[in-house]
Amino acid sequence: MDHLHAPWRMEYISAEAQPGCLFCRVREARPEDDRANLLIWREPEAIALLNRFPYNSGHLMVAPRRHTGDLTAMGDAELLAVLALVQRCLRVLADSVHPDGFNLGVNLGKVAGAGIADHLHFHAVPRWDGDTNFMPVLADVKVVNEHLERTWEKLVAGFSSG
Ligand SMILES: [Zn+2]
């Protein structure tokens, strides 16, 4: 993913300074704040949300509800819940934004690049042929936010209809 340009991610550094865990904060938030939090879907054991500092349009994250950074300590039901939601996200993204492929992965530990190492999360990043030159046109923060809102609406609609 290194070759994707994402200059708005500079904002990430200040956002990361917010107290507490992003995933736990969003999980506990009221449903009426889902748009502001970019939360797309809740399952009993997992949640899906848009990344506010995306590597590409439609960049989603799926996390277990439980605050854990240890994949090896997750139970079968929790693992299945998270992966089933990842699968559903791929389906909704395919139907909603029609990517040519995906980057899918988990960074475990700060050294591996995890921004939030204590609460593990899968990244699903849609990819399009030639997209390395696509996102810089959205480098303006205001445009990125508008784009995020539209993407959120599209994906929430996709989840609700599927
Ligand atoms: Zn957490």
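In this text, all values refer to a predicted model and were calculated from it rather than measured experimentally.

Quick word on the pattern of salt bridges
Inspection of every chain in the model, using the stated rule, returns 8 salt bridges. Of the charged contacts in the structure, one is a salt bridge between Asp33 and Arg30, with a shortest N-O distance of 3.2 Å. Residue class for Asp33 comes out partly exposed when judged on its relative accessible area of 24%. In this structure, Glu149 and Arg35 form a salt bridge, with 3.0 Å as the shortest nitrogen-oxygen distance. Pair noted here: Glu149 is in helix α5 (residues 141-161) and Arg35 is in helix α3 (residues 34-37), with a separation of 114 residues, a long-range link. Taking relative accessible area as the criterion, Arg35 reaches 33% and is therefore assigned partly exposed.

A few points about the sheet that holds strand β1 (residues 39-42)
Hydrogen bonding along the main chain pairs the strands of a sheet, whether they run parallel or antiparallel. Spatial strand order, β1-β2-β3-β5-β4: 5 strands in an open sheet with antiparallel pairing. In this open sheet, the two edge strands, each paired with only one partner strand, are β1 and β4 (101-106). Sheet twist, expressed as the mean angle between neighbouring strand axes with direction ignored, is 20 degrees. Where strand β3 (residues 60-64) lies against strand β5 (residues 122-127), 3 bridges are found, and the strand directions are antiparallel. The partner of Val62 across the bridge, within β5, is Phe122. Packing against the sheet, helix α4 (residues 76-97) makes contact with β1, β2 (46-50), β3, β4 and β5, and its axis sits at approximately 165 degrees to β3.

Rules used throughout
Residues numbered from 1 in each chain as written. Predicted model: local features only at pLDDT ≥ 70, side-chain atom pairs only at ≥ 80, totals over all residues. Heavy atoms only, no water. Salt bridge = Lys/Arg side-chain N within 4 Å of Asp/Glu carboxyl O. Buried < 20%, exposed > 50% of the residue type's maximum accessible area, 1.4 Å probe, protein only. Helix = DSSP H or I, 4+ residues; strand = E, 2+ residues; numbered from the N terminus. Pairing = 2+ DSSP bridges. Axes fitted to C-alpha atoms, helices over the stretch in contact; angles between N-to-C directions. Contact = heavy atoms within 4.5 Å.

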